Amino acid sequence: MANSWKATGRRKRAVAQVTLTSGTGNIIVNGVEVEKYMPDAILVMDLKQPLALTNNLNRFDITVTVKGGGYSGQAGAIRLAITRALLDFDSTSDQTADTAYRKILKPAGMITRDPRVKERKKYGLKKARRAPQFSKR
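Residues numbered from 1 in each chain as written. Predicted model: local features only at pLDDT ≥ 70, side-chain atom pairs only at ≥ 80, totals over all residues. Heavy atoms only, no water.

### Thoughts on the overall build of the protein chain
In terms of helices and strands, the protein chain carries five helices and five strands. In the protein chain, the order of α-helices and β-strands from amino to carboxyl end is β-β-β-β-α-α-α-β-α-α. Scaling as 2.2 N^0.38, a compact globule of 137 residues should have a C-alpha radius of gyration of about 14 Å, whereas the protein chain reaches 19 Å, well beyond that. On the principal axes, the C-alpha backbone points of the protein chain span a range of 70 × 35 × 25 Å. (Helix = DSSP H or I, 4+ residues; strand = E, 2+ residues; numbered from the N terminus. Rg over C-alpha atoms; globule rule 2.2 N^0.38 Å.)

### Here's the deal with the packing of aromatic side chains
According to the stated counting rule, one finds five aromatic pairs in the structure shown. Judged by centre distance (6.1 Å) and plane angle (80 degrees), the ring pair of Trp5 and Phe60 falls under edge-to-face. With Trp5 in strand S1 (residues 4–11) and Phe60 in strand S5 (residues 60–67), the pair connects residues that are 55 residues apart, well separated along the chain. No difference in accessibility class separates Trp5 from Phe60, as the two residues are buried. Measuring from ring centre to ring centre gives 5.0 Å for Phe60 and Phe89, while their planes differ by 80 degrees; the resulting arrangement is edge-to-face. In this pair, Phe60 is assigned in strand S5 and Phe89 in helix H4 (residues 71–89), connecting sequence segments 29 residues apart. (Phe/Tyr/Trp six-rings, centres within 6.5 Å; stacked < 30°, edge-to-face > 60°. Buried < 20%, exposed > 50% of the residue type's maximum accessible area, 1.4 Å probe, protein only.)

Given below as structure tokens:
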């Protein structure tokens, strides 16, 4: 089998496991093509961003297993996992060169995991911060 690079990405409640193999640019998410799995073309464009920045749109076949969260969180998790797999792929090359993937992806904000998650509900409140309606009389 050809070389493969694996990585995991998380966003909100979604967890994505990605396997990069050399190929023609097919992206399969949970056994379905990415365009059929994601309801919005913007989400597909968002998760392909690291590939576009590094000029690898048609270089790898990507297999994704994603669980939890909604479509937006899953797209973010897949994007981070693809970024990490690309960094693993590029780890053998010269990291000081301007063409190093890390130097391209870091300023674009692709390497950082988005830490925003849902805040827990507090007792006495209806949601995390929403208090019950106040009645003067």
